[in-house]
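Descriptive structure summary
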Amino acid sequence: MQSPATNITSNLVFLATPRLASALLFASIMLYSTILIIYPEYFYTDDCYFYFQIAYNFGNKMISTFNGVTLTNGYHPLWMLICSIIFALGATKLLA
């Protein structure tokens, strides 16, 4: 049988673990966001500009096309849906 002090200590560690995990997650998101704001060019690859253009057209014109003429479907549907919603909510073409 464990002593009462050991039992209390193990309960405190158990309670601190979710808080610690939440704090570490929040800190890592804040760090990532800060770096993204300071150096945005390091986080975009060439393919993201294709996604943004197609998402702009899909979000505003409801057509899956890059150039407005030729239809396309060569993208990941969930990521395209997320990008399209952002453009449909008012993101400018300057981003694309």
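Described in the following lines is the structure provided in the data block. (Residues numbered from 1 in each chain as written. Predicted model: local features only at pLDDT ≥ 70, side-chain atom pairs only at ≥ 80, totals over all residues. Heavy atoms only, no water.)

1. Quick notes on the packing of helix H2 (residues 46–61) against helix H3 (residues 77–88)
Running from N to C, H2 and H3 point in directions that differ by 60°, and their axes come no closer than 8 Å. Classified by the interaxial angle, the pair formed by H2 and H3 is oblique. Along this stretch, H2 crosses H3, giving a crossing that reads as right-handed. Across the interface between the two elements, Tyr51, Phe52, Ile54, Ala55, Tyr56, Phe58, Gly59 and Asn60 from H2 touch Trp79, Met80, Cys83, Ser84, Phe87 and Ala88 from H3. (Axes fitted to C-alpha atoms, helices over the stretch in contact; angles between N-to-C directions. Helix = DSSP H or I, 4+ residues; strand = E, 2+ residues; numbered from the N terminus. Parallel < 35°, antiparallel > 145°, perpendicular 65-115°, else oblique. Left-handed = near helix turned anticlockwise from the far one by under 90°. Contact = heavy atoms within 4.5 Å.)

2. Some words on unusual backbone geometry
Phi at methionine 62 takes a positive value of approximately 55°, unusual for a residue other than glycine. Note on placement: methionine 62 falls in the loop between H2 and H3. Its relative accessible area of 60% is what places methionine 62 among the exposed residues. (Buried < 20%, exposed > 50% of the residue type's maximum accessible area, 1.4 Å probe, protein only.)

3. So, H3
Its 12 residues give H3 an end-to-end C-alpha distance of 16 Å, which sits within 8% of 16 Å, the value for a rise of 1.5 Å per residue. Taken as a whole, H3 has its buried residues at Met80, Cys83, Ser84 and Phe87. In a view along the axis of H3, the buried residues occupy a sector of 100°, so they form one face of it. (Expected span 1.5 Å × (residues − 1). Arc of directions from axis to C-beta.)

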